[in-house]
Amino acid sequence: MYGRRASQLLKEIDSSEAGQLASFNSDVFDQVIRECNEHNSQFQSLIRKMVEQNLDIETTRNEDHYGAAIHHLSLLRNKRCLMAYMYNRAEVIQSFRWKVGPVLPHDIQEKLHFSEKEYFKNHSAAIKSYISEMDIDLTVDMVPPKDPYIQVRVLEDIGEVSLGDHSVSLTKNSLHFLRRTDAEQFVSQGLMEEFLE
């Protein structure tokens, strides 16, 4: 039955948990590609046969016309299924950049096809380039903060640091009222913590 293998890929996506990836199913993917090639060659041979018989392809309605139509529609359906499979996986891969950062954990990398690994690498590079060009860190707060300033306690002696238009001495156990974007890098490194009264 035409299209059964392609629908397996879509069922695989549907059965997986949202935001999660199953391993790339290269066996079924390759089988669908081979089926597409078979449909294309059958379609081409039926059209060639009609042309050799001097039949008008647009108006002739015989078994060759309907056979060509079935192969053409099957080819389009398989193509749509492959594109949906890849698009869904690409969206999940893009979301990993925001969830886990620019380096994927080994268990996620094992599930990716080599072209998906390359896609993630290029996507991360594009984000990094945009962040450096705009001089704004988009990865700091995924939820907009209520206040652009936070009070922080320094956990480790950091020393004199230049923050925007001023410099500040960050000594252990000192409290500071800083812009969230300035403090975030130190908080993520474990050098300071948000001080909640």
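Residues numbered from 1 in each chain as written. Predicted model: local features only at pLDDT ≥ 70, side-chain atom pairs only at ≥ 80, totals over all residues. Heavy atoms only, no water.

Under the annotation held in an unreviewed UniProt entry, the protein chain carries the name GINS subunit domain-containing protein and is attributed to Digitaria exilis. Of the comments in the UniProt record for the protein chain, the one headed Sequence similarities (unreviewed entry) reads "Belongs to the GINS1/PSF1 family." Check the Subcellular location (unreviewed entry) section of the UniProt entry for the protein chain; it says "Nucleus". (UniProt positions renumbered as here; feature names shortened; annotations may be inferred.)

A few words now on the UniProt feature "domain: DNA replication complex GINS protein PSF1 C-terminal" (unreviewed entry) in the protein chain. The feature "domain: DNA replication complex GINS protein PSF1 C-terminal" (unreviewed entry), as annotated in UniProt, sits at residues 146-196 in this numbering. With 18% helix and 47% strand, residues 146-196 has its two end C-alpha atoms placed 14 Å apart. (Helix = DSSP H or I, 4+ residues; strand = E, 2+ residues; numbered from the N terminus.)

Turning to the sheet that holds strand 5 (residues 192-194), a few remarks are in order. Strand order in this open sheet of three strands is 4-1-5, and the pairing throughout is antiparallel. This sheet does not close on itself; its edge strands, each paired only once, are strand 4 (175-179) and strand 5. Going across the sheet, the axis of each strand differs from the next one's by a mean of 40°, ignoring polarity. The sheet contact formed by strand 1 (residues 149-154) and strand 5 spans three bridges and is antiparallel. Its bridge partner being in strand 5, Val152 is matched across the sheet by Glu194. Contacts from helix 6 (residues 180-188) reach strand 1, strand 4 and strand 5 within the one sheet, and its direction differs from that of strand 4 by about 120°. (Pairing = 2+ DSSP bridges. Axes fitted to C-alpha atoms, helices over the stretch in contact; angles between N-to-C directions. Contact = heavy atoms within 4.5 Å.)

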